[in-house]
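Breakdown of the fold
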Amino acid sequence: MAHNIEHTAEGEDAMFCVGDRKAAWHLLGQRTPGAVTWEEAMKLAHLDWTVSKHPITMINPITNVSEVLLNTFGIYRDSDGQYLGHVGKDYTPIQNRYAFDFVDALLEGSGSHYESAGALGKGERIWTMARLPQDIRIAGTNDISENYLLFTNAHNGLASGTAKITSTRVVCENTLNMALVGNGSTLFLRHTKEIKQRMEDAKMLMNGAIMNAELLEIKLNSLAERQMTKETVLTVVNTMFPISADGKAVTRRERIVMKILELFESNDGNAIPEIRGSAYNLLNAITEYSDHFRTGIRVKPGYTKETA
């Protein structure tokens, strides 16, 4: 199952998200029409349980005597004894409730709300996600980019606790992996006794992300207002994909340029007529090419979106 959502002993899926049954492609989990508190989110996602760390023992096959494995501990779910993974002696569990406490402390008074939460596998990996109020909007259009604060944790010792700002809405294992590898400010929290000290770092992450979203909105709206001539479009594309000094791969480069110009002219099927011919239209075309058509193209070092 690509979604890998835990199926509980009660016969429900350990996941919830805001919206109707179509809010997630797999149609699983509990749905709510709108904002919920962290207590409600925990219960809806079946994450209201704790874990504990215990020494792992084994039966010696020669002596048939039970022995404790040195420096090896198991993480078990307290409610049903489910084994989630083995860890070292210095590992400190991060309880599910801490994930919600963490997100709540960062978002207090911000107008944010929980968007989704859930457990994967047998509960060894969990996430919770809140939508941030700082949407990026292109003035005069329906182009809105939503932003979320994601907190995910692994109870099996294979990953740190992770807080990340992302535009990917997590509803399963695939989308969680997409969110973690995508762009966005990220903070890692190791499973040690000093984990609570990272809260101040997280607050700085959050404040920086809000500021970055506001600045990005200003920049993108500025691009949407700037109309491009054919000459300026070609200048940008040629800067990104210059002709090599030895003249090699000319045909391949021409295909790249033609595809970007085609995407620019299409404007995503004229989905947003208000931005046609603008620098933002060109940025979208380049991004679409990079995301869906690129095959190992090398972009000139030093290029950033702002140069568009």
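All values derive from a computational prediction rather than experimental measurement.

1. A closer look at the overall build of the chain
- Scanning the chain from N- to C-terminus turns up 7 helices and 12 strands.
- Among the 308 residues that make up the chain, the fraction classed as buried is 42%.
- Restricting to contacts in the chain with at least 6 residues of sequence separation, those with at least 24 account for 56%.
- Of the roughly 16,800 Å² of accessible surface on the chain, 54% is carried by carbon and sulfur atoms.

2. Re a nonpolar patch on the surface
- On the surface, M211, L215 and I218 cluster together into a nonpolar patch covering about 310 Å² of accessible area.
- Relative to the helices and strands, I218 resides in helix α4 (residues 199–225).

3. Here we look at the sheet that holds strand β4 (residues 66–77)
- Taken in spatial order, the 3 strands line up as β3-β4-β5 in an open sheet, and their pairing is antiparallel. On the outer flanks of this sheet lie β3 (51–59) and β5 (83–87), each paired with one strand and no other. Between one strand and the next, the sheet's axes are offset by a mean angle of 40°, whatever the strand orientation.
- In the sheet, β4 pairs with β5 via 4 bridges, with the strands oriented antiparallel. Residue pairing across strands places Y76 opposite Y83, the latter belonging to β5.

4. Section: the sheet that holds strand β7 (residues 125–131)
- Taken together, the 7 strands give an open sheet; going across it, the order is β2-β1-β6-β7-β10-β11-β12, and neighbouring strands pair in mixed fashion. The sheet terminates laterally at β2 (30–32) and β12 (186–189), the two strands that pair on one side only. The average angle at which neighbouring strand axes cross in this sheet is 15°, direction not considered.
- By the bridge criterion, 3 bridges tie strand β1 (residues 15–18) to β2 in an arrangement that is parallel. In the strand pairing of β2, F16 is matched with Q30.

5. Looking at the environment of R253
- Its location among the elements puts R253 in helix α6 (residues 250–270).
- Looking at R253, the relative accessible area reads 15%, which means it is buried.
- In the structure, R253 is positioned 15 residues away from N238 in sequence and 9.6 Å away in space, judged by C-alpha atoms.
- There is a polar contact of 2.5 Å between the side chain of R253 and the backbone oxygen of F241.

6. Here's the deal with the confidence of the model for the chain
- When the pLDDT values of the chain are averaged, the result is 81; 83% of them are 70 or greater.
- Counting interchain partners and residues more than four positions distant, the pLDDT-below-50 stretch residues 296–308 has 23 contacts.

7. A look at unusual backbone geometry
- At N71, a residue that is not glycine, the phi angle is positive and equals roughly 60°.
- Mapped onto the elements, N71 comes out in strand β4.
- Here N270, not a glycine, exhibits a phi torsion of approximately 55°, which is positive.
- When you line up the elements, N270 lands in helix α6.
- A relative accessible area of 31% means that N270 is categorised as partly exposed.

Rules and cut-offs
- Residues numbered from 1 in each chain as written.
- Predicted model: local features only at pLDDT ≥ 70, side-chain atom pairs only at ≥ 80, totals over all residues.
- Heavy atoms only, no water.
- Helix = DSSP H or I, 4+ residues; strand = E, 2+ residues; numbered from the N terminus.
- Buried < 20%, exposed > 50% of the residue type's maximum accessible area, 1.4 Å probe, protein only.
- Contact = heavy atoms within 4.5 Å.
- Areas by Shrake-Rupley, 256 points an atom, 1.4 Å probe, with all protein chains shown as cover.
- Patch = residues over 30% accessible without salt bridge, like charges linked within 9 Å, V, L, I, M, F, W, Y side chains within 5 Å.
- Salt bridge = Lys/Arg side-chain N within 4 Å of Asp/Glu carboxyl O.
- Pairing = 2+ DSSP bridges.
- Axes fitted to C-alpha atoms, helices over the stretch in contact; angles between N-to-C directions.
- Polar contact = N/O pair within 3.5 Å; in protein donor to acceptor, adjacent residues only side chain to side chain.
- pLDDT = per-residue confidence, 0-100.

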